[in-house]
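Chain by chain, the residues run as shown.
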Amino acid sequence: MIHPSAVQIVRNIEATLVAVVEPAVQTTTARSALATIGHLLRHVALRIDQEGQILTDDIAMQTALLRDIAAYFATIGDGARADAIHGVLADATDTDLPYPSLAIMGDRSAQLGGAIQDVLILLQQQRAARQRDPAYQAVRTAIRDYLAAQVVAEGALIHPAFEDKGPRR
């Protein structure tokens, strides 16, 4: 492991700002800016520490959801849409890619999320025709459950960095 870690460096920057810079800051605007910098440094530290796992979990959830959605489209006779989803899954889970940095994982998650968004728009357009179909309802519920889980996961990066830490800009 590289010492100090990136998280330790960010936390030391924040501690130095609090111990050295904050006592010398006199104006409300400067104090507010310093508080905002502290919030953002804590947010960066949390992202360094947790974002990889959050993205790994998100990609796994998106992949499972898209497989279920592809199966749904296959059962209603829309093989072209099912094949397109399988193509997105193949592109986003290519094992020949380099080590999955946060940027690569973020791109993969965004690619899968874009496919989910496209499907959701299509399903919303089909609501009147399919709303009584249990398979349609199950797919819509699965998408809602995924979106709710995504909001909770992202909250793990926001709440500890910003709540109960003073004013924000």
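Not measured: the values here are computed from a predicted model.

Take the packing of helix α2 (residues 28-75) against helix α6 (residues 134-162) next. Axis separation between α2 and α6 bottoms out at 8 Å; the angle between their running directions is 175 degrees. Comparing their axes, α6 and α2 come out roughly antiparallel. Among the residues making up the contact of α2 with α6, the classes are represented as 21 nonpolar, five polar and three charged.

Right, let's get into the pattern of salt bridges. All told, the structure shown has three salt bridges when counted by the stated rule. Taking the shortest distance from any N to any O, the salt bridge between Arg47 and Glu51 comes out at 2.8 Å. In this pair, Arg47 and Glu51 both sit in helix α2, four residues apart, roughly one turn of the helix. The class of Glu51 is buried, set by a relative accessible area of 15%.

A few words now on the environment of Asp91. For Asp91, the position within the fold is in helix α3 (residues 79-92). Sequence separation of Asp91 and Arg108 is 17 residues, and the distance between their C-alpha atoms is 8.5 Å.

This part covers the packing of α3 against helix α4 (residues 102-125). Running from N to C, α3 and α4 point in directions that differ by 165 degrees, and their axes come no closer than 9 Å. Our classification of the angle between α3 and α4 gives roughly antiparallel. In this structure, α3 crosses over α4, and the sense of that crossing is left-handed. Every residue of α4 that contacts α3 at Arg81, Ile85, Val88, Leu89, Asp91 and Ala92 is listed here: Arg108, Gln111, Leu112, Ala115, Val119 and Leu122. Among the residues making up the contact of α3 with α4, the classes are represented as eight nonpolar, one polar and three charged.

A low pLDDT means the predicted coordinates there should not be read in detail. In this model, the protein carries a mean pLDDT of 90, and residues with pLDDT of at least 70 account for 93%. Per-element mean pLDDT across the protein ranges from 92 in α6 up to 96 in helix α5 (residues 127-130).

To continue, consider the side chain of Asp58. Looking at the element boundaries, Asp58 is found in helix α2. Although Asp58 is buried, it forms no salt bridge, and the closest oppositely charged side chain is Arg47 at an N-O distance of 11 Å. Discounting chain neighbours no more than four positions away, the residues touching Asp58 are Ser109, Tyr146 and Gln150.

Each value, and the rule that gives it
Every chain begins its residue count from 1, and numbering advances along the sequence as written. Only residues with pLDDT of 70 or above have their local features reported here, since the model is predicted, and side-chain atom pairs are shown and tallied only from 80 upward, although totals for entire chains, interfaces and linings are computed over all residues. Side-chain calculation: all heavy atoms of the structure are included, whereas hydrogens and water are not. In this description, a line fitted to the C-alpha atoms serves as the axis of each element, helices being fitted only across the stretch in contact, and the angle between N-to-C directions of two axes falls anywhere from 0 to 180 degrees. To qualify as a helix, a DSSP run of H or I must reach at least 4 residues; to qualify as a strand, a run of E must reach at least 2; elements of each kind are numbered from the N terminus. When an angle is under 35 degrees it counts as roughly parallel; over 145 it counts as roughly antiparallel; between 65 and 115 it counts as roughly perpendicular; any other value is oblique. Residues were grouped as follows: Ala, Val, Leu, Ile, Met, Phe, Trp, Tyr, Cys and Pro as nonpolar; Asp, Glu, Lys and Arg as charged; and all remaining residues, including Gly, as polar. Just to be clear on terms, a salt bridge is a Lys or Arg side-chain nitrogen sitting within 4 Å of an Asp or Glu carboxyl oxygen. Under the scheme applied here, a residue whose accessible area is under 20% of the maximum for its type counts as buried, over 50% as exposed, and between as partly exposed, the area being computed with a 1.4 Å probe on protein chains only. Here is the rule for handedness: rotate from the far helix to the near one, and if that takes an anticlockwise turn smaller than a right angle the crossing is left-handed, while a clockwise turn gives right-handed. The criterion used for residue contact is that any of the two residues' heavy atoms lie within 4.5 Å. A score from 0 to 100, pLDDT tells how confident the predictor is in each residue. We treat Lys and Arg as the positive residues and Asp and Glu as the negative residues; His and chain ends play no part in the count.

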